[in-house]
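Remarks on the overall topology
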Amino acid sequence: MIGQFVEELYSANSLWERFYIYQQYVNRLGFHSASYTFIPSIQLDQSLPPIFLYTNEFPKGFLQQYTEQNLARHDFTLRLARDYKVAPSLNWREPLDWREHEVSGALLPQEVAVIELARVDYGIINAVSIPTMMSEAGVAGMSIISHENDCLFEKLKAKSLPTLLSCSQIFHDMNYASSDLNYTFLMPFIQNLRPKEIQILRYLASGKNLKAIEDSTGISYGYASNLLNELRARLGGISRDKLMYLIGAVKLFNLN
């Protein structure tokens, strides 16, 4: 199954086509629906609502309420991701079963309330979150949901979870470097750039020497250099070349 999955992903031309293929395999493995997100470090650190890709069967009302009320602040999976940045010895690759954590007594009351909301109001009886990335650039992962009760869900995990983990990681790895993934998940960050930040990035993209920026824009070299360093830090300490690649990928220079 994994070999066929990889072959189909390679034949797809976009993030959206690959996610549709992933959805089909989630269903073949016995799970009901899935969502996927990549959260740049700047969003994770500020507990900003993430952007989701989700299958047709995923309860859209839950994602809408999650976003509108910024329930990311009380999402135990994101708290554990932030904890990992402080204590890297933690096993960030461990799948996170929502129900197991709910009854463990280790979650905060607000975190339990989010899981209860998903179950009671939106029919997400059981779910498991699968981390696929944890780095300075950000975190990524899937949430896979099921309508089965606890007993049947445990049997389903025992049978299908190893294959699901492999498919999830392959999907992420294949999409992480693509421009459409960057466009989808980084656009909110780009759209919140300050005018001077955009001006400096556009100047840099023109190929001109940054040391001469004051002659063209009136912005001092020192100020521009410090601002670029700040932007790189906000995106996880990436290189200047990587910053320019991401900016180009989201078509910043075509924005008004």
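Now for a quick tour of the structure. (Residues numbered from 1 in each chain as written. Predicted model: local features only at pLDDT ≥ 70, side-chain atom pairs only at ≥ 80, totals over all residues. Heavy atoms only, no water.)

1. Concerning the packing of aromatic side chains
To keep things clear, this is the line we draw: Aromatic pairing here means that ring centres of Phe, Tyr or Trp (its six-membered ring) are within 6.5 Å. Orientation follows from the plane angle: under 30 degrees is stacked, over 60 is edge-to-face, and everything else is tilted. Helical segments are the DSSP runs of H or I of at least four residues, strand segments are the runs of E of at least two, and each set is numbered from the N terminus. Throughout this description, buried means an accessible area under 20% of the type-specific maximum (1.4 Å probe, protein chains only), exposed means over 50%, and partly exposed covers the range between. Here, a charge over a ring means that NZ of Lys or CZ of Arg falls within 6 Å of the ring centre while also lying within 35 degrees of the ring normal.
Taken as a whole and assessed by the stated rule, the structure comprises ten aromatic pairs. Relative to Y25, the ring of F5 lies with its centre 4.9 Å away and its plane at 65°, an arrangement referred to as edge-to-face. Residue F5 is located in helix 1 (residues 2-11), and its partner Y25 is located in helix 2 (residues 15-28); the two are separated by 20 residues in the primary sequence. Exposure class is identical for F5 and Y25. Each is buried. A network of ring pairs unites the aromatic residues F5, F19, Y22, Y25, Y36 and F171 as a single cluster. When the ring centre of Y223 is taken as origin, the NZ or CZ atom of K196, which lies over that ring, is 5.2 Å away.

2. Focus on the nonpolar core
Which entries qualify depends on this criterion: The nonpolar core is taken to be a set of buried Ala, Val, Leu, Ile, Met, Phe, Trp, Tyr and Cys residues, with the residues joined through side-chain atoms within 4.5 Å. Note on contacts: a residue pair is in contact if any heavy atoms of the two residues lie within 4.5 Å.
By size, the foremost hydrophobic cluster in this structure holds 27 residues, and its most contacted members are F5, Y22, F31, Y36, I144, L164 and F171. Sorting the residues of this core by element identifies helix 1, helix 2, strand 1 (33-40), strand 4 (126-135), strand 5 (138-146) and helix 8 (150-176) as the ones contributing at least two each. Once residues lying within four places of it in the same chain are set aside, the contact partners of L164 are Y22, V26, L29, F31, I130 and I144. Core analysis: the second largest hydrophobic core is formed by 26 residues, F52, Y66, F76 and V112 among them.

3. A few points about the environment of D75
Selection rule: Think of a polar contact as two N or O atoms within 3.5 Å of one another; within protein, one of them needs to be a possible hydrogen donor and the other a possible acceptor, and neighboring residues in sequence only count if both atoms come from side chains.
On the secondary structure map, D75 appears in the loop between helix 4 (60-68) and helix 5 (76-86). According to the relative accessible area criterion, D75 is buried, its value standing at 14%. For D75 and Q110, which are 35 residues apart along the polypeptide, the C-alpha to C-alpha distance reads 8.3 Å. Reaching out from D75, the side chain makes a polar contact with the side chain of Y66 at a distance of 2.6 Å. Polar contacts involving the side chain of D75 include one to the side chain of T77, which spans 2.6 Å.

4. Digging into the side chain of K157
On the secondary structure map, K157 appears in helix 8. Given a relative accessible area of 11%, K157 falls into the buried group. Here K157 is in contact with D97, E100 and P162, once residues within four sequence places are set aside.

5. Comments concerning unusual backbone geometry
Most peptide bonds take the trans configuration, and most residues that are not glycine carry a negative phi. The phi angle at N70 is positive, at roughly 50°, despite the residue not being glycine. Within the fold, N70 resides in the loop between helix 4 and helix 5. Judged by its relative accessible area of 18%, N70 falls in the buried class.

6. Looking at the layout of surface pockets
Left-over empty space is what a probe sized like a water molecule reveals as it rolls over the atoms. Our working definition: With a 1 Å grid spanning the protein atoms alone, the term cavity applies to any set of points in which a 1.4 Å probe fits but cannot get out, the term pocket to an open set with protein on both sides within 12 Å along at least five of seven lines, and the term lining residue to any residue with an atom within 4 Å of a point. Grid points are joined across faces, edges and corners, and a volume is the space filled by probe spheres set on the points. All amino acids are sorted into three groups, where Ala, Val, Leu, Ile, Met, Phe, Trp, Tyr, Cys and Pro are nonpolar, Asp, Glu, Lys and Arg are charged, and the leftover types, Gly among them, are polar.
Empty space within the largest pocket amounts to approximately 540 Å³. In this structure, the largest pocket is lined by 37 residues; those nearest its centre are D75, T77, L78, L96 and S129. Secondary structure elements with two or more residues in the lining of the largest pocket: strand 1, helix 4, helix 5, helix 7 (109-122), strand 4 and strand 5. The residue inventory of the lining of the largest pocket, partitioned by class, reads 26 nonpolar, eight polar and three charged.

7. Focus: helix 7
The following threshold applies: A helix's residues, less one, multiplied by 1.5 Å, set its expected span.
For helix 7, which comprises 14 residues, the first-to-last C-alpha distance of 19 Å matches the rise-based estimate of 20 Å (1.5 Å per residue) to within 8%. Count one or two residues on from helix 7 and you reach G123, which has phi positive near 70°.

8. Digging into the pairing of strand 1
Selection rule: Here, strands pair whenever DSSP counts at least two bridges between them.
Burial of strand 1 is extensive: eight of the eight residues sit out of reach of the surface. The side-chain alternation of strand 1 yields two buried faces, one formed by S33, S35, T37 and I39 and the other by A34, Y36, F38 and P40. Pairing of strand 1 with strand 2 (residues 53-54), which is carried by two bridges, proceeds in the antiparallel orientation. Paired with Y36 across the bridge in strand 2 is L53.

9. Some points on the pairing of strand 4
Within strand 4, nine of the ten residues are buried, which leaves it mostly tucked inside the rest of the structure. With two bridges joining them, strand 3 (residues 96-97) and strand 4 adopt antiparallel strand pairing. From the neighbouring strand, L96 faces strand 4, where its bridge partner is S129. For strand 4 and strand 5, the ladder comprises nine bridges, and the chain directions are antiparallel. What sits directly across from A127, in strand 5, is I145.

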